[in-house]
Amino acid sequence: MPNLAARFRALLPDAEFASLRVMDERTETLTVRQDVLQPVRDVRDAGGMVTVHAGGGIGYAATADLSDDGLQQALARARAWAVATGSRFAFPTGSVAPASPAGTWRGGATRPWSTAPLKDRLDLLFDVCSRLRAENVVERTASLMQIETTSRYITATGEVEQSWVYLLPDASVVAAVGDRVQSRSLGGGRAAQGGMETLGDFADTPTELLADVQALLAADDCPSGAMDVVLAPDQMMLQIHESIGHPLELDRILGDERNYAGTSFVTQEMFGAFKYGSPLLNITFDPALAGEFASYGWDDAGTPAERVWIIRNGLLETPLGSALSQARAGISGTANARACSWNRPPIDRMANLNLEVGTTPFEAMIAGIERGVYLKTNRSWSIDDQRDKFQFGCEWGQLIEGGKLTKVVRNPNYRGRSKAFWQSLAHVGDAGTWGKFGTPYCGKGEPNQVVRVGHASPACHFTNVDVFGGE
Amino acid sequence: MKSSFNRLADYVLAAGRPGEIVSVRFAAEQSDFVRFNRGKVRQPGSVDQRVATIRLVAHGRQAAAERTLSGSDAADFRGIDEVFVALRERLPLLPPDPQLHLAAGEAHTEYAEVPRLPPTEEMVANILDEAGAANVDLVGFLAAGAVWAGYASSLGQRHWFATASFNFEWCLYLSGNVAVKSSYAGAAWNPAVLHEKIVEGRAALSVLARPPKLLAPGSYRTWLTPAAHLELLQLANDWGGFSARAAKTSQSPLLNLWGGKQTLSPLLSISEDAVGGVAPRFDDEGWERPNAVPLVASGQPGSLLVSSRSALEYGLTPNGAAREEAAQSLAMGTGTLPAAGALAALGTGLWVGNLWYTNWSNRFIGRATGMTRFATFWVENGEVVAPVQAMRFDDSLFRIWGSELEALGAEAETMLSGSTYYRRSTDSFRLPGALLRSLALTL
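Residues numbered from 1 in each chain as written. Chains lettered and ligands numbered in written order. Predicted model: local features only at pLDDT ≥ 70, side-chain atom pairs only at ≥ 80, totals over all residues. Heavy atoms only, no water.

## A few points about the overall build of chain A
Within chain A, the secondary structure is distributed over nine helices and 25 strands. By the compact-globule yardstick of 23 Å for 471 residues, chain A fits well, its C-alpha radius of gyration being 23 Å. Taken along its principal axes, the extent of the C-alpha atoms in chain A is 70 × 55 × 35 Å. Taken over 471 residues, chain A has a buried fraction of 64%. (Helix = DSSP H or I, 4+ residues; strand = E, 2+ residues; numbered from the N terminus. Rg over C-alpha atoms; globule rule 2.2 N^0.38 Å. Buried < 20%, exposed > 50% of the residue type's maximum accessible area, 1.4 Å probe, protein only.)

Okay, structure coming up:
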């Protein structure tokens with residue numbers, strides 16, 4: 001959109017600060033279910049949000065009309081909100097120093113989506129779906145979602161332009177015998193930045209998924225009891241997300257989310273002092289890891305992104321708090337003011353939140369366990385509003401007996417409390433066990449927002465976990 | 001907005017060529033969103049958004065594109081011209097769709113509610129004044145404004161829907177994580193009702209001030225308020241509990257009900273009640289929603305929700321369900337237990353104000369889990385004794401709505417969906433509380 005920055009600056013109102021954040025996003029989703037192409041989703045979503053600091057308040061207004069008239073109306077509306085609420089605002093906005101950065105950031109693709117003809121993409125999905133056909137299979141799907149996003153953050157003196165390309169492959173199979181039903185999938189977690197080159201072994205996944213689901217149908221229900229657990233990286237994604245990521249969001253700790261997403265068992269005083277987990281636990285906020293799903297150069301409030309230690313050697317160091325939350329709380333944080341689109345305001349979110357690699361090879365991890373279960377691919381997640389008492393379920397379980405992986409078990413679940421669970425971390429896998437995952441569906445905020453997050457982790461071993469089956 | 005939709009629809013339908021079917025789905029809102037924290041304003045703003053989905057059908061193939069509209073006809077119509085070029089290029093590349101099933105024939109409906117909302121700033125001032133006067137730590141969210149939807153197709157359909165509503169959900173916090181949650185939603189704002197609800201919530205805080213009781217895992221006689229009960233109904237609905245496709249592919253959490261292996265309590269009746277709801281009466285393919293679809297009748301399986309695609313795939317009759325086959329206007333029949341008698345009927349047990357973050361321990365047999373949240377109390381001999389710290393339940397819907405269901409409340413509560421993911425939801429729910437002989441707590 002030509003001259004957008006100049007036009008916006010010419011319209012700036014009487015205010016301490018104003019910004020315009022414009023997003024333009026194209027999404028195409030191809031899904032083949034039961035060998036039938038489902039209606040193709042082709043979405044283009046574009047618009048802008050203005051934010052105005054005035055009269056002691058901060059207001060926003062979002063519009064898809066980026067003409068001079070549209071921008072002027074949005075600026076007036078945002079300013080009116082700021083002024084109308086300034087005397088009764090939740091915190092002194094004078095302590096907030098908005099950013100006015102300049103620069104560009106581009107996430108690229110080696111093999112862009114557009115270079116693969118539609119026929120090739122559909123052929124791939126029809127092939128994956130058809131190869132999931134087997135006795136007892138009741139539903140088969142294969143899908144690809146591609147997203148291209150550009151964002152501009154414009155202030156009176158600065159402008160940042162960023163662009164991203166994402167690819168999200170998935171496949172799933174459900175099989176049933178009588179009322180025994182089992183499913184296997186890629187878990188929706190293979191989302192990454194990049195193009196067709198990120199597909200990896202997607203074309204080969206039916207073989208493993210099908211073998212797994214047939215094994216699960218024939219398996220016993222997971223046994224119950226306290227035992228060791230080894231979580232594969234695709235379940236670590238969920239474990240990190242729910243019981244480290246969300247409780248460390250500073251806006252939750254400040255109480256903003258108490259009406260919806262909840263609070264946290266973590267308080268401000270615990271940063272720098274609280275042993276979150278065993279000394280093996282190392283967590284980083286890393287928006288710069290190449291290809292991870294939530295990499296970016298600046299957050300949606302213009303703060304430059306950089307790698308930050310969140311938990312080091314088990315000690316809690318830094319919250320997931322944006323510049324605004326940092327100013328309110330008086331502690332340092334991360335560049336994580338993020339919005340799901342042009343029509344939602346930025347709030348504190350996760351981005352790439354990773355568990356750092358350890359030193360234990362997978363075979364050694366298993367060999368050291370007398371009685372336990374190895375769990376893969378999340379299928380159920382539930383945690384209390386303080387992010388403490390959790391219960392998670394997986395698609396795949398395999399017993400560990402006498403240092404060996406033995407029989408498959410179905411419907412594995414485990415539950416626990418966040419602090420005790422992370423303090424029971426006994427081994428962290430080496431680079432050979434590492435996996436990089438991402439999901440586009442992290443929900444939070446009022447109004448509600450879903451954002452993209454990335455989580456990379458090795459396999460991890462926890463002791464004395466409450467495990468149980470589903471029947 | 002209606003004239004804007006009609007101009008859009010006329011333009012789209014005029015762009016169709018002989019042998020083509022074209023349709024447009026329209027969704028728009030002008031919403032004010034205001035967050036509150038500690039009795040003050042945390043984040044106020046407004047969102048103006050309009051979206052059109054253009055569908056082109058020819059030779060049994062379909063292609064569609066969803067585009068944000070600016071509200072300017074000239075700019076938006078240029079965009080639609082580009083969409084038609086792209087759709088006509090794409091259509092021959094797609095295989096025929098054997099489940100393509102658009103509504104056909106002349107059908108025109110219109111529902112337009114006369115807006116009765118005051119300026120949102122006025123509602124915000126009312127809320128702040130009430131929080132200040134009550135001297136309470138209020139945290140909450142107000143969503144208010146107009147929502148529109150439309151559908152038109154070259155097969156003769158044209159539907160229009162307009163409503164304006166507010167939904168204010170809030171908590172009053174005593175300290176730490178001790179709070180009571182309330183909501184006030186509707187089409188007409190009355191400050192007196194807000195005042196009454198804030199006073200009511202503040203009174204409930206006095207009980208929450210008592211030392212909390214720590215419960216051990218085990219089975220407890222339980223009263224679920226309508227708000228808590230809603231979490232279970234939504235869980236079943238959101239995961240395909242009433243979906244024909246989920247039932248046919250063995251993925252419904254109520255699979256054993258649809259398969260005839262289990263029944264629910266004869267006290268339980270559930271329906272998709274379009275007449276009693278506030279959602280548009282048409283779906284994305286122009287199908288009209290019938291007045292009501294009985295889903296569960298006195299514990300026995302009723303009708304499943306059948307989308308147009310499932311109808312063709314499984315040889316069923318469509319009944320206005322959207323593609324997800326989730327109910328939009330769920331209603332559960334009432335029982336005989338008056339709200340005023342719920343504590344006495346509970347006797348000794350757990351009074352659950354809200355449930356939270358429900359999911360499945362095993363979806364395929366309806367085994368659910370979740371947490372208690374907000375005002376949840378321990379009751380002895382019909383008297384509230386103490387608040388209870390958040391506990392996890394893990395129990396089967398077939399027990400909760402079956403053998404363990406002792407009574408349903410005599411009064412149903414209507415609740416509007418507070419969901420604002422992507423856009424403001426128009427889903428609604430009407431259901432009573434439930435008295436359970438036991439509920440299994442695990443953590």
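## Section: the packing of aromatic side chains
Per the stated rule, a full pass over the model turns up 31 aromatic pairs over all chains. Between the aromatic rings of A:F89 and A:F91, the centroid separation amounts to 5.4 Å while the plane-to-plane angle is 75 degrees, which identifies the pairing as edge-to-face. In terms of burial, A:F89 and A:F91 fall into one category: buried. Seen from their ring centres, A:F421 and A:F462 are 4.1 Å apart, and the 20 degrees between their planes marks the pair as stacked. You can see A:F421 sitting in helix α9 (residues 418-423) and its partner A:F462 sitting in strand β25 (residues 460-468), a full 41 residues away along the chain. You can call A:F462 buried: its relative accessible area is 0%. Clustering of aromatic rings is evident, with ring pairs tying together A:F390, A:F392, A:Y414, A:F421, A:W422 and A:F462. Residue placement shows A:R258 over the ring face of B:Y173; its charged tip is 4.4 Å from the ring centre. (Phe/Tyr/Trp six-rings, centres within 6.5 Å; stacked < 30°, edge-to-face > 60°. Lys NZ or Arg CZ within 6 Å of the ring centre and 35° of its normal.)

## Here we look at the packing of helix α3 (residues 120-134) of chain B against helix α4 (residues 191-208) of chain B
Between two packed helices, the angle of one axis relative to the other and the distance separating the axes together describe the packing. Residues and elements named next belong to chain B. Interaxial distance between α3 and α4 falls to 10 Å at its minimum, and their mutual angle equals 35 degrees. You can see that α3 and α4 cross each other, and the crossing is right-handed. Only P191, L194, H195, I198 and R202 of α4 make contact with α3, whose side of the interface consists of N126, I127, E130 and A134. Of the residues contributing to the contact of α3 with α4, the split by class is five nonpolar, two polar and two charged. (Axes fitted to C-alpha atoms, helices over the stretch in contact; angles between N-to-C directions. Left-handed = near helix turned anticlockwise from the far one by under 90°. Contact = heavy atoms within 4.5 Å. Nonpolar A, V, L, I, M, F, W, Y, C, P; charged D, E, K, R; others polar.)

## Observations concerning the domain arrangement of chain B
Residue and element names in this part refer to chain B. One can read the domain layout of chain B as domain 1 (2-208) and domain 2 (218-441). A separation of 24 Å is found between the C-alpha centroids of domain 1 and domain 2. Facing the 46 residues of domain 1 at the interface are 30 residues of domain 2. Between domain 1 and domain 2 we count three salt bridges in total. Across the pair D284 and R25 runs a salt bridge whose closest N-O atoms are separated by 2.7 Å. At the boundary of domain 1 with domain 2, the tally comes to 16 residue pairs in polar contact (both at pLDDT 80 or more). Elements represented by at least two residues in the side of domain 1 that touches domain 2 include exactly β1 (21-37), β2 (40-58), β3 (61-69), β4 (107-112), β5 (137-153), β6 (157-175), β7 (178-186) and α4. Among the elements that line the side of domain 1 that touches domain 2, the one with the most residues is β6, at 10 residues. Looking at side-chain class alone, the side of domain 1 that touches domain 2 contains 25 nonpolar, 14 polar and seven charged residues. (Domains from an automatic or database assignment. Salt bridge = Lys/Arg side-chain N within 4 Å of Asp/Glu carboxyl O. Polar contact = N/O pair within 3.5 Å; in protein donor to acceptor, adjacent residues only side chain to side chain.)

## Here we look at the domain arrangement of chain A
Residue and element names in this part refer to chain A. Considered domain by domain, chain A is made up of domain 1 (4-218) and domain 2 (221-468). Put simply, the middle of domain 1 and the middle of domain 2, counted by C-alpha atoms, are 21 Å apart. Both faces considered, domain 1 and domain 2 share a buried interface measuring about 3400 Å² in area, 56% of it formed by carbon and sulfur atoms. The three residues of domain 1 that bury the most area against domain 2 are R21, Q193 and L216, which together make up 15% of that side's buried surface. At the boundary of domain 1 with domain 2, the tally comes to three salt bridges. E395 is paired through a salt bridge with R184; the nearest N and O atoms lie 2.8 Å apart. Between the two partners, domain 1 and domain 2, sit 18 residue pairs in polar contact (both at pLDDT 80 or more). (Buried area = accessible area lost by both parts, 1.4 Å probe.)

## Some remarks on the sheet that holds strand β13 (residues 308-312) of chain A
Residue and element names in this part refer to chain A. One open sheet accounts for four strands, arranged β14-β13-β12-β17; its pairing is antiparallel. Either end of the sheet is taken by a strand with one partner, and the two such strands are β14 (315-316) and β17 (353-355). The pairing of β13 with β14 spans two bridges and is antiparallel. In the strand pairing of β14, R312 is matched with L315. Where helix α5 (residues 233-245) meets the sheet, its contacts fall on β12 (283-285), β13 and β17, and the angle it forms with β17 comes to roughly 115 degrees. (Pairing = 2+ DSSP bridges.)

## Remarks on the pairing of strand β3 (residues 41-54) of chain A
For β3(A), the tally of buried residues reaches 10 of 14 residues, placing the bulk of the element in the interior. As paired elements, strand β1 (residues 17-33) of chain A and β3(A) share 13 bridges and run antiparallel to each other. When the sheet's bridge partners are listed, A:E25 is paired in β3(A) with A:D45. For β3(A) and β3(B), the ladder comprises two bridges, and the chain directions are parallel. Bridging from a neighbouring strand, A:V43 pairs with B:E66 of β3(B). Counting the residues between successive antiparallel strands, the hairpin from β3(A) to strand β4 (residues 57-63) of chain A contains two residues, one of them, A:G55, with a positive phi of roughly 60 degrees.

## Thoughts on the sheet that holds strand β18 (residues 413-416) of chain B
Residue and element names in this part refer to chain B. The strand order across the open sheet formed by six strands is β11-β10-β9-β12-β19-β18, and the pairing between neighbours is mixed. The open sheet has two free edges, formed respectively by β11 (300-301) and β18, since each of these has just one partner strand. Bridging between strand β10 (residues 292-297) and β11 involves two bridges; their strand directions are antiparallel. Bridged to A297 within β11 is Q300. Sitting on the sheet, helix α5 (residues 226-238) touches β9 (270-273), β12 (329-332), β18 and β19 (428-431), and the angle it makes with β19 is about 120 degrees.

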